[in-house]
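Structure at a glance
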Amino acid sequence: MENIVEHKKIIGVPEPTLRRMPMYLSYLKAIEATGIRQISAPHIAADLNFDPTQVTKDLAYTGIKGKTRIGYEVQTLIKAIEDFMGINKINEVFIVGAGNLGAALVKYEGFKEYGIKVVAAFDINPEVVGKDLNGVPVFHLDKFRDLARRMHVVFGIITVPPSAAQQVADMMVSWGIKAIWNFAPTNIKVPDDIILQHTSIYANLALIINKLQTKYK
Ligand code: ATP
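Read on for an overview of the structure. (Residues numbered from 1 in each chain as written. Predicted model: local features only at pLDDT ≥ 70, side-chain atom pairs only at ≥ 80, totals over all residues. Heavy atoms only, no water.)

**Re the sheet that holds strand 9 (residues 155–158)**
Reading across the sheet, the 7 strands line up as 7-8-6-5-9-10-11 and stay open at both edges, with mixed pairing between neighbours. Each edge of the open sheet is held by one strand with a lone partner, namely strand 7 (132–133) and strand 11 (195–198). Bridge analysis of strand 6 (residues 116–123) against strand 8 (residues 136–140) gives 3 bridges, and the strand direction is parallel. Bridge pairing in strand 8 links Ala121 to Val138. Where helix 7 (residues 162–174) meets the sheet, its contacts fall on strand 5 (91–96), strand 9 and strand 10 (179–182), and the angle it forms with strand 9 comes to roughly 170 degrees. (Pairing = 2+ DSSP bridges. Helix = DSSP H or I, 4+ residues; strand = E, 2+ residues; numbered from the N terminus. Contact = heavy atoms within 4.5 Å. Axes fitted to C-alpha atoms, helices over the stretch in contact; angles between N-to-C directions.)

See below:
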């Protein structure tokens, strides 16, 4: 249905485009589940509250171009987005800090649809070490290095308290981790070649509370 255009390299894709990709994917999967087979860029744009030109531009990065008046074939587009995001292959991930947040992330089933699977958790608290979180074992942090090497894991999630985050990040880097997703509400420093993303739910919360206070007080 679609014309496959030359697959562009992921390098150079604007960050906002990358950030929107998971939204297109979950939207298209929902659309597919309702039995819709074809969809146009303006339709997608209207449902997601995006600009139609932006949608066309974003989706072109996947190598798929919609047909005039017909649009995109939903199934093909889903596959193209998954390929583009590199999530047809599951990345195995270790998580350090098996407290409430860490355990919730380990148990979260949704990650699989977006290309990651937490395969082991690590902690230093003897009450937590040895637990089983929906089939995912919690090991002592001492085991991280050997397991990462054996399982070729290069992606680590940090869910320890902020006071321990830098130390854990330093260890992860020295143990061969190449990408860190930090959920601790603190800034950590890593060498330039290490991929680092922070996700602080508290940062978003601070915005909500501030807006609530200023708008509705
Ligand atoms: P949260 O809901 O924030 O995950 P929690 O109240 O269960 O937290 P925290 O004190 O935030 O617990 O710690 C999270 C987890 O990190 C705990 O299980 C704790 O044992 C673990 N932890 C703390 N310091 C380290 C460390 N240096 N290395 C590994 N794990 C650690």
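**Quick word on the pattern of salt bridges**
Considering all chains together, one arrives at 6 salt bridges under this definition. Taking the shortest distance from any N to any O, the salt bridge between Glu113 and Lys29 comes out at 3.0 Å. Of the two residues, Glu113 sits in the loop between helix 5 (100–107) and strand 6 while Lys29 sits in helix 1 (residues 15–33), which places them 84 residues apart along the sequence. A residue is classified by how much of its surface remains accessible, and Glu113, at 42% relative accessible area, is partly exposed. (Salt bridge = Lys/Arg side-chain N within 4 Å of Asp/Glu carboxyl O. Buried < 20%, exposed > 50% of the residue type's maximum accessible area, 1.4 Å probe, protein only.)

**Some remarks on the layout of surface pockets**
Put simply, the largest pocket is a space of about 1,400 Å³. If you trace the largest pocket, you find 29 residues lining it, with Met85, Tyr114, Phe155, Trp181 and Gln197 closest to the centre. Contributions of two or more residues to the lining of the largest pocket are made by helix 1, helix 4 (74–85), strand 5, strand 10 and strand 11. Ranked by residue count, the leading element in the lining of the largest pocket is helix 1, at 5 residues. By residue class, the composition of the lining of the largest pocket is 19 nonpolar, 7 polar and 3 charged. Counted as a void, the second largest pocket has a volume near 320 Å³. Around the second largest pocket sit 22 residues that line it, and Gly97, Thr159, Val160, Pro161 and Ala164 are the ones nearest its centre. Counting residues per element, the ones that place at least two in the lining of the second largest pocket are helix 5, strand 6 and helix 7. (1 Å grid on protein atoms, 1.4 Å probe; cavity = no way out; pocket = protein on both sides within 12 Å on 5 of 7 lines; lining within 4 Å. Points joined across faces, edges and corners; volume = space filled by probe spheres on them. Nonpolar A, V, L, I, M, F, W, Y, C, P; charged D, E, K, R; others polar.)

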